[in-house]
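Chain by chain, the residues:
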Amino acid sequence: MRTQDARETSMRKLLKLRFAGGLALLALIAPGVSAWAGTLSGVIKTADGKPLDGVTVSAKRNDSTITTTVFTDEQGAYVFPALSATFSEGTYAMWAQAIGYETARAGVIIEKSKPAAQNFTMKPLADFSRQLSSAEWMAALPEATPADARMKMAFRNNCSGCHQPSFVLQNKFDEAGWKKIIDLMEGVGIYGDPPDPKEPPYGLLRHFKDELAAYLAKVRGPNSTLSLTIPARPRGEASRVVITEYDITSNSDLKNYVTSDGSDWMEGTPSAYEARGPHDAEIAPDGGVWIADSQANPERTVSRLDPETGAVKQFKLDGARGLGKRSHGIVIDQKGVAWFNADGWLGKIDTRTQKLEQFDPPKGMARVGGTLDVDNNGIVWI
């Protein structure tokens, strides 16, 4: 997951993150805040009765698209805050996760004004490799020799731009298998489009193909092993964050949610083809979250998420083949106007009136790039 800059909204700081199939907002809750009068609590222990700290505990009402996650303290205890918008009465699916342990699951019914409790026992997991994030995978790649260090950098620069390294490295192939994957990837388009035989291959990837396939077979071949490390879990103040996640469809059918969305770490990093999440998100002055989506969808260029309800409203600029233009990079200026790259055009939407416009690049400029910004005078820089 990639973090963006935090922005002050009302009385709460929200830290935005991108992940497959959804959007997450972190609310930093200070110790002693009354919101910690929880509606759901419990204790998590190992099979031999030891408390587990820093475990993520998630709860999602069965008819909702909103997931709330908290962490256990040093005694293995957790408590959910009474956040009315995301945590009300109903039947909830719950799951607890920690790297190196199997995902523990339960169902619980929360009734109005009645605290509920759910304890978990976590079982150790022999192979926890699919639970690791890209940071742990990259740290495990060998770089002691100049040759290994060179190929580790070649892998990072060529194979981690549009998807996470964890998606690649959670798999094992022999040298021939890795070479076939590189053969495919050197022709994939900038937005993940299928290879086009009319287009030249990606030169840098082709240059490193043979060396990279041999290196990947050495570190992630059928019989190879890496020294994988379980990262430290959050403790103390770090374990007091509350994470709210919003399901966002990877296409403009707002009822078609993906099954593998990254919520169960044991399943590994999901494929971007099936579960691509929001590319960029910005919070407007009214608290609405505006989302750029780098995929071409029939009815969506950008969308607005209501963080109180989880409802999503979509906006479309007509693009090729009856699809909406893709969006990439979104910023909101001082007047609440959102600017974004719309397939090379400049897109604009007033977040108050929700009026959508587009502007052609000036003569001599090929296209709007993926990154743009607005200065203190309201001038858009591309």
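Residues numbered from 1 in each chain as written. Predicted model: local features only at pLDDT ≥ 70, side-chain atom pairs only at ≥ 80, totals over all residues. Heavy atoms only, no water.

**Observations regarding the confidence of the model for the protein chain**
Then comes step 1: Of the residues in the protein chain, 88% reach a pLDDT of 70 or more, and the chain-wide mean stands at 87.
Then comes step 2: Taken element by element, the protein chain is modelled with least confidence in strand β1 (residues 7-9), mean pLDDT 31, and with most confidence in strand β11 (residues 120-122), mean pLDDT 98.
Then comes step 3: Here residues 1-20 is modelled with pLDDT under 50, and outside its nearest four sequence neighbours on either side it reaches 61 contacts, counting other chains as well.
Then comes step 4: Confidence over residues 28-37 falls short of pLDDT 50; this stretch has 14 contacts with residues more than four positions distant or in other chains. (pLDDT = per-residue confidence, 0-100. Helix = DSSP H or I, 4+ residues; strand = E, 2+ residues; numbered from the N terminus. Contact = heavy atoms within 4.5 Å.)

**Quick notes on the sheet that holds strand β14 (residues 289-297)**
Then comes step 1: Within the open sheet, the four strands sit side by side as β13-β14-β15-β16. Their pairing is antiparallel. Lying at the two open borders of the sheet, with one neighbouring strand each, are β13 (280-283) and β16 (312-315). Each adjacent strand pair in this sheet contributes to an overall mean axis angle of 25°, direction not counted.
Then comes step 2: Of the strand pairs in this sheet, β14 and strand β15 (residues 300-305) are connected by five bridges, and their pairing is antiparallel. Across the sheet, N297 pairs through a bridge with R300, a residue of β15. (Pairing = 2+ DSSP bridges. Axes fitted to C-alpha atoms, helices over the stretch in contact; angles between N-to-C directions.)

**Side note on the packing of aromatic side chains**
Aromatic ring pairs are defined here through the distance separating the ring centres and the angle between the ring planes.
Then comes step 1: In the structure shown here, the tally under the stated rule is four aromatic pairs.
Then comes step 2: Seen from their ring centres, Y78 and F80 are 5.8 Å apart, and the 85° between their planes marks the pair as edge-to-face. Neither Y78 nor F80 differs from the other in exposure class; each is buried.
Then comes step 3: Between W290 and F315 the ring centres are 5.3 Å apart and the planes differ by 35°, which places this aromatic pair in the tilted class. You can see W290 sitting in strand β14 and its partner F315 sitting in strand β16, a full 25 residues away along the chain. For the residue pair W290 and F315, the accessibility class agrees, reading buried in each case.
Then comes step 4: Here K325 stacks its cationic end above the ring of W345, 4.2 Å away from the centre of that ring. (Phe/Tyr/Trp six-rings, centres within 6.5 Å; stacked < 30°, edge-to-face > 60°. Buried < 20%, exposed > 50% of the residue type's maximum accessible area, 1.4 Å probe, protein only. Lys NZ or Arg CZ within 6 Å of the ring centre and 35° of its normal.)

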